[in-house]
Amino acid sequence: MKTLLTLKEASKKYGEREILTDISLTINQGDCIILRGNNGSGKSTMLRMVSGLIPLTSGQRLLDHTNLVIGYTPDRISKLRMTSTEYLTHMGRISGMTGKELKDRIRELHDFFRLEQSAHLKMSHFSKGMLQKTNVMQAMIKRPDLLVLDEPFSGLDEESTGHLLHSLKKIKDEGTSILAAVHDPLLASQLESNIYWIHQGRLSEEIINTSSEQKGVYFELEGSLDVEVVNHLLERFPDITYKRSKNGYMVMNFMYKDYSSFLPEFINNGGEIVSLTRKELGS
């Protein structure tokens, strides 16, 4: 398998503060690698190091060849007073593309992501989903060997999330490697990836001992819990995601591996279960 990029004992400091320590990672052609970690753990810093946007404090960043194309998407894109075509034309020219090649690529990307190529609608009026599609499109304007994504699903509704997920799977199937920071464990699981955690500045691969059948199972719990207890549970079970339902209850999603330990903890901390539903990824 062809190796595209390697980090060897890479570290990053800002002043005296060490953000990342001795990070070693190999990205091969066709890989999909997901980074997990709490807010402030250094995920975005690592993505920028891989992309070559910031220098390493120590260690090595090795590329397969000097012409390796890396597309990078930040966690958000501004609502610019430009159409998506104008913006992508600008980004394409920065990448060295011009003329018919650039025009055809912009049309191709609009078709691929199912985004209307409007001559009048400005990005300042785009929805979150439309902005995020444009964000990924700019990273792909010059066909990337490696696509680096910082929280690509953040703030998207269910329909936009589903379409972006489908698009990323197609991109991976076509041979582009993907490195993404993804907060939601359910989405991370659906990307058929190797999952790594950043904790206290160090990188480790997630090892899940559940069976292949159980890996596709998660649970949705609807209930009530004292707000002060929520942060305590999230620290103990970092894979859990939660939101408020329309009726005011808390809705928590957790994977099969946390089932037997999370439920007693939830109840012992005064939680009340209104409903508990077993679900499968992709269903």
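Residues numbered from 1 in each chain as written. Predicted model: local features only at pLDDT ≥ 70, side-chain atom pairs only at ≥ 80, totals over all residues. Heavy atoms only, no water.

S.K.: Could you give me a rundown of the pattern of salt bridges, with the residues and numbers involved?
M.R.: Opposite charge on two side chains permits pairing when their charged atoms draw close. Scanning all chains against the criterion turns up 11 salt bridges. Of the charged contacts, one joins R202 and D22 as a salt bridge, the two residues approaching to 3.9 Å between their closest N and O atoms. Of this pair, R202 sits in strand 9 (residues 202-205) while D22 sits in strand 2 (residues 17-28), and the two are 180 residues apart along the sequence. Under the relative-accessibility criterion, R202 is labelled partly exposed at 47%. Measuring nitrogen to oxygen at the nearest pair gives 3.8 Å for the salt bridge that ties K122 to E86. Taken together, the residues span a long stretch of sequence, with K122 in the loop between helix 3 (99-112) and helix 4 (128-139) and E86 in helix 2 (residues 84-94) at a distance of 36 residues. The class for K122 is partly exposed, based on a relative accessible area of 28%. What makes E86 partly exposed here is its relative accessible area of 37%. Salt bridges here are not isolated pairs; linked through shared partners, they connect K100, D104 and R107. (Salt bridge = Lys/Arg side-chain N within 4 Å of Asp/Glu carboxyl O. Helix = DSSP H or I, 4+ residues; strand = E, 2+ residues; numbered from the N terminus. Buried < 20%, exposed > 50% of the residue type's maximum accessible area, 1.4 Å probe, protein only.)

S.K.: Please provide a residue-by-residue account of a nonpolar patch on the surface, values included.
M.R.: Together, Y259, I267, I273 and L276 give the surface a local cluster of nonpolar side chains, amounting to about 320 Å² of exposed area. Secondary-structure elements contributing two or more residues to the nonpolar patch are helix 9 (259-268) and strand 13 (272-280). Relative to the helices and strands, I267 is located in helix 9. (Patch = residues over 30% accessible without salt bridge, like charges linked within 9 Å, V, L, I, M, F, W, Y side chains within 5 Å. Areas by Shrake-Rupley, 256 points an atom, 1.4 Å probe, with all protein chains shown as cover.)

S.K.: Before we move on, could you go through the sheet that holds strand 12 (residues 250-255) and cite the residues and values that matter?
M.R.: The antiparallel open sheet is built from four strands, whose spatial order is 11-12-10-13. This sheet does not close on itself; its edge strands, each paired only once, are strand 11 (241-244) and strand 13. On average, each strand axis in the sheet is tilted by 20 degrees relative to the strand beside it, whichever way the strands run. Strand direction decides the pairing type here: strand 10 (residues 217-224) and strand 13, joined by eight bridges, are antiparallel. Following the sheet pairing, V217 is matched in strand 13 by E280. (Pairing = 2+ DSSP bridges. Axes fitted to C-alpha atoms, helices over the stretch in contact; angles between N-to-C directions.)

None of this, on its own, says anything about what the molecule does.
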